[in-house]
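Given next are the chains, with one letter for each unit.
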Amino acid sequence: MAATLLVAGLSGNHSTTDFDLLGYALLAAGGLALAARRRAPVLVLAVTGVCAVGYQAVGFDVPAVAFLFAVYAAVRAGHRIITVVAAVMMLAALPLAALALPQDMPVGEALARARGALELAWLVAAGAAGEALRQAERRADEAERTREETARRRADEERLHIARELHDSLTHQISIIKVQAEVAVHLARKRGEQVPEALLAIREAGREATRELRATLEALRDDGKTPPHGLDHLPELVERARMTGLDATLTIEGERHDVPAAVDRTAYRIVQESLTNIARHAAAATASVRIDYRPDALAIRVDDDGKAMPDTTPMPGVGLLGMRERVTALGGRLRAEPRNEGGFTVHAELPVGPTS
């Protein structure tokens, strides 16, 4: 656009004055300003308008094409009222610029020259084109939001359907197994008989299956309407672990800042699952939870002094697999392994991006 305006200025008929260099500079500036039309449409509208009035005032009879593009960009960005005001000011300023020429010019010729520099029809067309594209983009965004809401609603419905199926098909049977095993263990002990290891294993498996199924159903029925647990609830989580006899501590490092909601929930779930595994399987006396707020990541580390040894390979259970899936989905890293000094460690790093 800058090159087009300069060519039009060089090939046009205009009186040679001391302001020719200024006129060429204004022609080039009006075109080059359009490079910023997406980032600052209102500023570009003002700059192109001033440049058009300026080169008209110094004698360059060149149409204000750059201003038309600026009108289109401003309306597309949603600045309709400002654009209308700027267009009216331009329609009034161009005749005055023509009258300000060094040589005397009749009023009629000045008005004709201003009308040639900025046709009202082209001005309306530029604004209409910007508004049409803005409306099309708005409808496209609305359609995209509608599709996302529809997909989210279908996912919620499917999740609830799965929860109902699991509840109807498994809960009753698992409850029967658990109750029958409890009764059998109670009767055996009441009669003074030795309880078979297989029966104890069945009882423990029933209890574990009930807990896991309850947690799964709660996750499936979570519709996002209830406030989710996050980093703010970690002190309560650690306190509950202490009530079970575990000497648990919580340490917060770094400057605390807001993190994405998904990271907030995942951090809580990692600590929750880690403390649960320690209580069930580690036979540990102490556990430490460390949260490190970094500029670009949130680090979570949970250590215990349990029975895990460096030469043992941990069996990946449902809880550990769930943690790994959550961390991977956020683009983070998870390390869960025995410590050299004994015990087990879970170390996760979750990217948080630039802080707000």
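Below you will find a few notes about this structure. (Residues numbered from 1 in each chain as written. Predicted model: local features only at pLDDT ≥ 70, side-chain atom pairs only at ≥ 80, totals over all residues. Heavy atoms only, no water.)

## A look at the overall build of the chain
The helix and strand tally for the chain stands at 11 helices and 5 strands. Per-residue burial over the chain gives 35% buried out of 356 residues. Surface accessibility of the chain: about 21100 Å² in total, with carbon and sulfur atoms responsible for 59%. (Helix = DSSP H or I, 4+ residues; strand = E, 2+ residues; numbered from the N terminus. Buried < 20%, exposed > 50% of the residue type's maximum accessible area, 1.4 Å probe, protein only. Areas by Shrake-Rupley, 256 points an atom, 1.4 Å probe, with all protein chains shown as cover.)

## Notes on empty space enclosed by the protein
Here the structure, examined in full by the defined rule, presents 1 cavity of 30 Å³ or more. In this structure, the largest cavity occupies an estimated 40 Å³ of space. Along its surface, the largest cavity is lined by Leu 26, Gly 30, Thr 48, Cys 51, Ala 52, Tyr 55, Ala 64, Val 65, Ala 66 and Phe 67. Looking at the lining of the largest cavity, its residues break down into 8 nonpolar, 2 polar and no charged. (1 Å grid on protein atoms, 1.4 Å probe; cavity = no way out; pocket = protein on both sides within 12 Å on 5 of 7 lines; lining within 4 Å. Points joined across faces, edges and corners; volume = space filled by probe spheres on them. Nonpolar A, V, L, I, M, F, W, Y, C, P; charged D, E, K, R; others polar.)

## Side note on helix 2 (residues 20-32)
For helix 2, with 13 residues, the first-to-last C-alpha span of 18 Å sits near the 18 Å given by 1.5 Å per residue. Listed in full, the buried residues belonging to helix 2 are Asp 20, Gly 23, Leu 26, Leu 27, Ala 28, Gly 30 and Gly 31. Tucked into the core, helix 2 has its buried residues touching helix 1 (2-11), helix 3 (41-57) and helix 4 (65-76). (Expected span 1.5 Å × (residues − 1). Contact = heavy atoms within 4.5 Å.)

## Comments concerning the sheet that holds strand 2 (residues 286-293)
The strands that make up a sheet are held in pairs by hydrogen bonds between backbone atoms, and each pair lies either parallel or antiparallel. Spatial strand order, 1-2-3-5-4: 5 strands in an open sheet with mixed pairing. Each end of this open sheet is capped by a strand with a single partner; those strands are strand 1 (247-253) and strand 4 (333-338). When the angles between neighbouring strand axes are averaged without regard to direction, this sheet yields 10°. This element, helix 9 (residues 234-243), spans strand 1 and strand 2 of the sheet and lies at about 160° to strand 1. With respect to the sheet, helix 10 (residues 261-282) is in contact with strand 2, strand 3 (297-304) and strand 5 (344-351), its orientation differing from that of strand 3 by roughly 10°. (Pairing = 2+ DSSP bridges. Axes fitted to C-alpha atoms, helices over the stretch in contact; angles between N-to-C directions.)

## Considerations on the pattern of salt bridges
Under the counting rule described, the total for this entry stands at 15 salt bridges. Of the charged contacts in the structure, one is a salt bridge between Arg 301 and Asp 303, with a shortest N-O distance of 3.0 Å. On the basis of relative accessibility, which here comes to 32%, the residue Arg 301 falls in the partly exposed class. Within this structure, Asp 292, Arg 294, Arg 333 and Glu 349 form a network of salt bridges that share partners. (Salt bridge = Lys/Arg side-chain N within 4 Å of Asp/Glu carboxyl O.)

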